[in-house]
Every structure is written in structure tokens, then in C-alpha cells.
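# Chain and residue survey
Given next are the chains, with one letter for each unit.
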Amino acid sequence: MNDHIKSLQEALQVSPDNVPLRIHLAEVLMREKRYAESAEQYSEVLHRSYGNTKAQLGLAEAYFYQHKYSAAIIIYEELYPNLPTDAMVFFVKSLIRENSLQQAVEVYQKVIALNPGFADEEIDGKLRVGNADAQSSDQDELNDNDEAGNHGSDFFLEKPTIDFSHVGGMKRIKDEISMKIIQPLKNPELYKAFGKKVGGGILLYGPPGCGKTYIAKATAGEIHAKFISIGLHDILDMWIGNSEKNLHAIFELARKNAPCVLFFDEVDAMGASRADLRQSAMRHVINQFLAEMDGVQSNNEGVLILAATNAPWSVDAAFRRPGRFDRVIFVEPPDEQAREEIITAMLKDKPVQNIDVRKLAKETPDYSGADVKAMIDIAIEDKLRDSMASGSLQPLGTKDLLKAAKQHRPTTLEWFASARNYALYANESGLYDDILKFLKIKK
Ligand SMILES: Nc1ncnc2c1ncn2[C@@H]1O[C@H](COP(=O)(O)OP(=O)(O)O)[C@@H](O)[C@H]1O
Ligand SMILES: [Mg+2]
């Protein structure tokens, strides 16, 4: 084998621009577990033929085996979602090792969607929690049509590592979450003494990318609770009738793992298609949801319920009755001060030099948290390209970020264009007054 490698190396000395040959050498080195050398060859290919996907994937894999997970992630993110399955699996594993569990779950769900029945011991051990429900055996027969390894009844249980300190701005929302659901959990006696009813949930709404999902997760981290996130996909599954029981199983799982934050993301999916023919099936899911939430059969103590939506006007009004989502909170885009906090937090572990955070915050009006992240990603990609070309690591500077900001348009404006109409013309009992206030529109 060593001879083979040697002869390949010699051949490359003669024709250094032979890309297929170099890739072949890199592959052989990888197979021989000579990862650093393999990475070197792949980098060399990229140097000569920028954007060569094969080399990008190879390089990412070599990084993975060298435990350079964040470097691997940067490459995978650039190519995502156009990744072959094995690369996606490396991507998921890298994310797990970097503790980006939410993103890992998202990518893994994609793997499962594309390859029903896919299983991987390491990943499943970290991300999946089987529905270890005692009564599940009789249900299995009913669910036999669920070919996908019955993943419809697996939920993802996490233990978030972020807390409120990672969330920039959002002071008002942190306070509300604290008063309404964290304090009652910590001091149940006190709340009872004052005759305050414990229970119910908070519905967060606002433009995309402004931290709804993020703060829900941070809420769990704040009180060292577990976190279960139920997304659009899961709810649609129930809607289509795969698994009525699943909704019950989710609440049970949360109760069993109390204290636990149960988070329904994009909850609008539940009410969105009221005109749809399958309305009655959806109605059924909604009713079941409401029954679970009311805790008729079981006790929801220690289970904090949060939900988020970009389209609150699509959420069935029944959700907002007392004891349910009786607190509806507007999550607005970060103001300048909050953007400063977000930028600072996001650059914390990145190679940077003399960043003028205040200026960046000033130059990014209307940016959501996700927009800030996009700006940083663009700047990093540019730098990475430079660093690869020059062979040395170059830190990010203010100029790089400002340049990236020019290339990325804020994504919140479109949302306000339609929200404005709902706030003006469908503002039942002042539900959307916060939107009007934000837009400085007088009623
Ligand atoms: N206030 C914030 N502080 C820190 N990061 C934020 C904040 N808001 C958004 N982000 C970043 O933007 C990303 C997208 O936010 P997300 O919570 O998914 O938005 P939403 O659920 O409102 O659509 C988050 O993963 C996080 O990295
Ligand atoms: Mg979200």
C-alpha cells in the first residue's frame, strides 16, 4: 500500500494539476487512516479547483476523523441540504460532538425522511428517545403500516446547554417566562398561597429568526430541565392519522421527565388549513391537544408548555382560552442594543480581531438573530476561503462583517408587511397591539 501511495505521489509531482489523481490519492490516504495527509490533498484540490464537491466532502470527512468538528460543520453547512446520506450522517455526528443538538436533530430528521428506517447506534443513543410506553404493544398492530421504523412515536428529548444568558435582548420575554412558568415551578407553595393558578402555557409569536425557538430551549437550560420539541412534521403526522396516541405519548413522556419544557414549534400548522377537506381529522388532533393541555386525565405539574408561531392569526382561538396558551407574547426583532448582545455572543468562540460591535449593530437595522448569524456565516466563509488559499488562519475583522452585511438582506420586513394588516384589521381584543406599537402605528 505504501508503494501505491508513493507512486501516486510521484505521479502528482509530474502532473500536479491532475485533480482526479489527487482525489484518488486523498481517498487512499483516508482509507489508510492517514487523515491529516488526506486532508492536505483535498485542500490542495480545492486550491486548484474551488468548489469541487468531492474534495469538499472528503475534506470534511478527514476533518471529522481528526476531531476537527467545527471545521467539518462549516463545510457541511455550505453544502446542506445537497449532501449524500453518508455525509449527512457525518454532519449529524459532528453537530452532536459540538453540542449543537437542535441542528443535529434537524439534519437527522432529514436523513430519516430520506431513508426511512435508518438507524445509527451512536446517533440514536444521543438524540432519540423511544416511546417506552407500556401499552405500546397492542398499539403496534394498529401502527403496522408505519414502515419507517415507527419513528412517528419517537420524540427527541434533549438537555439544552444554553440558558437565558445566551439569549441577547428579550428582557421583557425572559421576565414573562420567569413569572409565568419558571417561578411557579420553583415556588409552588407561594403561588398557591396567593391564590394564583399554576398551569397554562405561553404562545410566542413574531417574525422568523428572532429567537422564539431559541428562547424556548434556553428556558429549559435556565432551570436544568429536559426539553422536548415537537415540530410541524410531527403534528402533520398525527393529523394524517398515523398516530392519535402519539399526542398522548408526548405529554406522558414530558410528565415522566419533569421538570420538562414541552415546546410546540410552528403550532400554526394545527389550525392553518381549516378550509381543508381533512378538517375533521385536524379538529380531532386539536381537541386531543386541548384535552391533554387541560390535564384532564393527568397532572401536568412540572411540565412547562411553550409554543411558537410565525402566523398567530392561523392559530385556533380555542388555544388561547384560560389555562391554555393564555399568555400571547410578541417576540420582536432585536433592537440595536440587543443586536450588540447577539453579535457579541455569536462571535465569542470565533477567531476575531478588534471587532467594533456597536458599529455592526448600527449597520444592521431590521436584522433578526438569524440574519446576524447569516452575516457572520458569510464573513466566515469568505475568510475560510482566504485562509485556505494562503494556508494561514486569518481572523475576522469589522470590515469583513460589514461587507457580509451588505450581501444579506434582513428577512423580517416581509413578515411585517402581512402582520401589519392583521394588526390593523383583525385585531380582536387587542391581541396584536404590540405589533402596532412596534410599527409606531396609532390606533
Ligand atoms: N435573541 C437572540 N440571542 C441570540 N441568538 C439569537 C437570538 N435570536 C435569534 N438568535 C439566533 O438565530 C437563530 C434562529 O432563531 P430561532 O429561535 O430559530 O428563530 P425563530 O424560532 O423565531 O424563527 C437561533 O438559532 C440563534 O442562533
Ligand atoms: Mg422557530
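Residues numbered from 1 in each chain as written. Chains lettered and ligands numbered in written order. Predicted model: local features only at pLDDT ≥ 70, side-chain atom pairs only at ≥ 80, totals over all residues. Heavy atoms only, no water.

### Quick look at the site of ligand 1
Taken together, 15 residues sit near ligand 1, with Gly168, Gly209, Lys212, Thr213 and Tyr214 positioned nearest. A distance of 2.9 Å separates a nitrogen atom of ligand 1 from a polar backbone atom of Gly168. In this structure, Gly209 approaches ligand 1 through a main-chain N or O atom, which is 2.7 Å from an oxygen atom. In the complex, 83% of the free accessible area of ligand 1, which totals 560 Å², lies under the protein chains. Elements represented by at least two residues in the shell around ligand 1 include exactly helix 12 (212-222), helix 16 (336-347) and helix 18 (369-390). Taken together, the residues of the shell around ligand 1 sort by class into 7 nonpolar, 6 polar and 2 charged. (Near = heavy atom within 4 Å. Polar contact = N/O pair within 3.5 Å; in protein donor to acceptor, adjacent residues only side chain to side chain. Areas by Shrake-Rupley, 256 points an atom, 1.4 Å probe, with all protein chains shown as cover. Helix = DSSP H or I, 4+ residues; strand = E, 2+ residues; numbered from the N terminus. Nonpolar A, V, L, I, M, F, W, Y, C, P; charged D, E, K, R; others polar.)

### So, the nonpolar core
Tyr76, Leu83, Val92, Tyr108 and Leu127 are the most contacted members of the largest nonpolar core, which totals 41 residues. Among the elements of the structure, helix 2 (19-31), helix 3 (35-48), helix 4 (53-65), helix 5 (69-79), helix 6 (85-97), helix 7 (101-114) and helix 8 (121-127) are those that each provide at least two residues to this core. Each residue touching Tyr108, except ones within four places of it in the same chain, is listed here: Val92, Phe118, Ala119, Asp120, Ile123, Asp124, Leu127, Arg128 and Phe156. (Core = buried A, V, L, I, M, F, W, Y, C linked by side-chain atoms within 4.5 Å. Buried < 20%, exposed > 50% of the residue type's maximum accessible area, 1.4 Å probe, protein only. Contact = heavy atoms within 4.5 Å.)

### A look at the sheet that holds strand 6 (residues 327-330)
The strand order across the open sheet built from 6 strands is 1-3-4-5-2-6, with neighbouring strands paired in mixed fashion. Single-partner strands in this sheet number two, and they are strand 1 (157-158) and strand 6. When strand 4 (residues 260-264) meets strand 5 (residues 303-309), the two strands line up parallel, connected through 5 bridges. Pairing of Phe264 across the sheet is with Ala307, part of strand 5. (Pairing = 2+ DSSP bridges.)

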